[in-house]
Amino acid sequence: MINMKNMIGTNLNRLRKLHQYTQEEVAEMLSVSRQSVAKWESGESMPDMISCAKLAEIFGVTIDNLVHHSEEDSGLVIPMKGKYFFGAVTVGERGQIVIPKKAREIFHIHPEGQLLILGDEERGLGIVHQRELMKFVGRMGVACSDITEEET
């Protein structure tokens, strides 16, 4: 297991390279020296909480993922804030799937909730909660009552 200093350093280095920033550019954004960024990346020292918050904002990730995410353990790069990978699910004989608990919690999916399955032959399947479609339709100026049960 990698210690926290190395974890932040590894994640910072990976994010910086993904965003094609130099250590100098990151340092300028944080108003710190390039050497500070280099020490954080090498695990020699750690950024303070304010710097961690700014780094998370710069790279569009959560502070938790900046500090704790392990690409080595998960096999995935640090997810952008609000983006998730819940893993694979097995499709049952009749097409049923089990939505992972964490996904149900984050997206407030409860028993008997209505999900819409959308498909595009080129891009694949998508699952959308029915309430999100209603919000979208409402923003288009169509009253939800104008949509009949047959149309949903």
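Sequence order as written defines residue numbering, which begins from 1 separately in each chain. Confidence filtering applies because this is a predicted model: local features only for residues at pLDDT of at least 70, side-chain atom pairs given and counted only at 80 or more, and all residues used for totals across whole chains, interfaces and linings. To get the side-chain values, take all heavy atoms of the structure and skip hydrogens and water.

Undergrad: An account of the packing of aromatic side chains is requested, with residue identities and associated values reported.
TA: Each aromatic ring pair is characterised by the separation of its centres together with the angle its planes make. Stacked, tilted and edge-to-face are the three classes assigned to paired rings of Phe, Tyr and Trp, where Trp is represented by its six-membered ring and a pair needs centres within 6.5 Å; plane angles under 30 degrees give stacked, over 60 edge-to-face, the rest tilted. In the structure shown here, the tally under the stated rule is one aromatic pair. Ring centres of Tyr-21 and Phe-59 lie 6.1 Å apart, and the angle between their planes is 50°; on these two criteria the pair is classed as tilted. Note that Tyr-21 is positioned in the loop between helix H1 (4–18) and helix H2 (23–30) and Phe-59 in helix H4 (residues 49–59), a separation of 38 residues in sequence. Every helix listed is a DSSP run of H or I at least four residues long, and every strand listed is a run of E at least two residues long, numbered separately from the N terminus.

Undergrad: Account for helix H3 (residues 34–42), with residues named and values stated.
TA: We call a residue buried when its accessible area falls under 20% of the maximum for its residue type, exposed when it is over 50%, and partly exposed in between, using a 1.4 Å probe and counting protein chains only. Considered for burial, the residues of H3 that qualify are Val-37, Trp-40 and Glu-41. In a view along the axis of H3, the buried residues occupy a sector of 95°, so they form one face of it. Where the residues of H3 are buried, they touch H1, H2 and H4. This arc corresponds to the set of directions leading from the helix axis out to the C-beta atoms. The criterion used for residue contact is that any of the two residues' heavy atoms lie within 4.5 Å.

Undergrad: Describe the pattern of salt bridges, naming the residues involved and giving the relevant values.
TA: A pair can form between side chains of opposite charge whenever their charged atoms are brought close. For this document, the term salt bridge refers to a Lys or Arg side-chain nitrogen within 4 Å of an Asp or Glu carboxyl oxygen. Taken as a whole and assessed by the stated rule, the structure comprises five salt bridges. Measuring nitrogen to oxygen at the nearest pair gives 2.5 Å for the salt bridge that ties Glu-41 to Arg-16. Within this pair, whereas Glu-41 is found in helix H3, its partner Arg-16 is found in helix H1, the two being separated by 25 residues in sequence. By relative accessible area, which is 13% here, Glu-41 ends up buried. Here the salt bridges do not stand alone but share partners, grouping Arg-131, Glu-132 and Lys-135 into one network.

Undergrad: Quick one: what's the story with the nonpolar core, residue by residue and with numbers?
TA: Among the nonpolar cores identified, the biggest contains 14 residues, and Leu-55, Phe-59 and Val-61 are the most heavily contacted of them. Looking at this core, the elements that each hand over two or more residues are H1, H2, H3 and H4. A total of four residues in this core trace back to one element, the largest contributor, which is H4. Leave out the neighbours within four places in its chain, and Leu-55 touches Leu-12, Val-26, Leu-30, Trp-40, Pro-47 and Leu-66. We call a set of buried residues a nonpolar core when its members are Ala, Val, Leu, Ile, Met, Phe, Trp, Tyr or Cys and they connect through side-chain atoms within 4.5 Å of each other.

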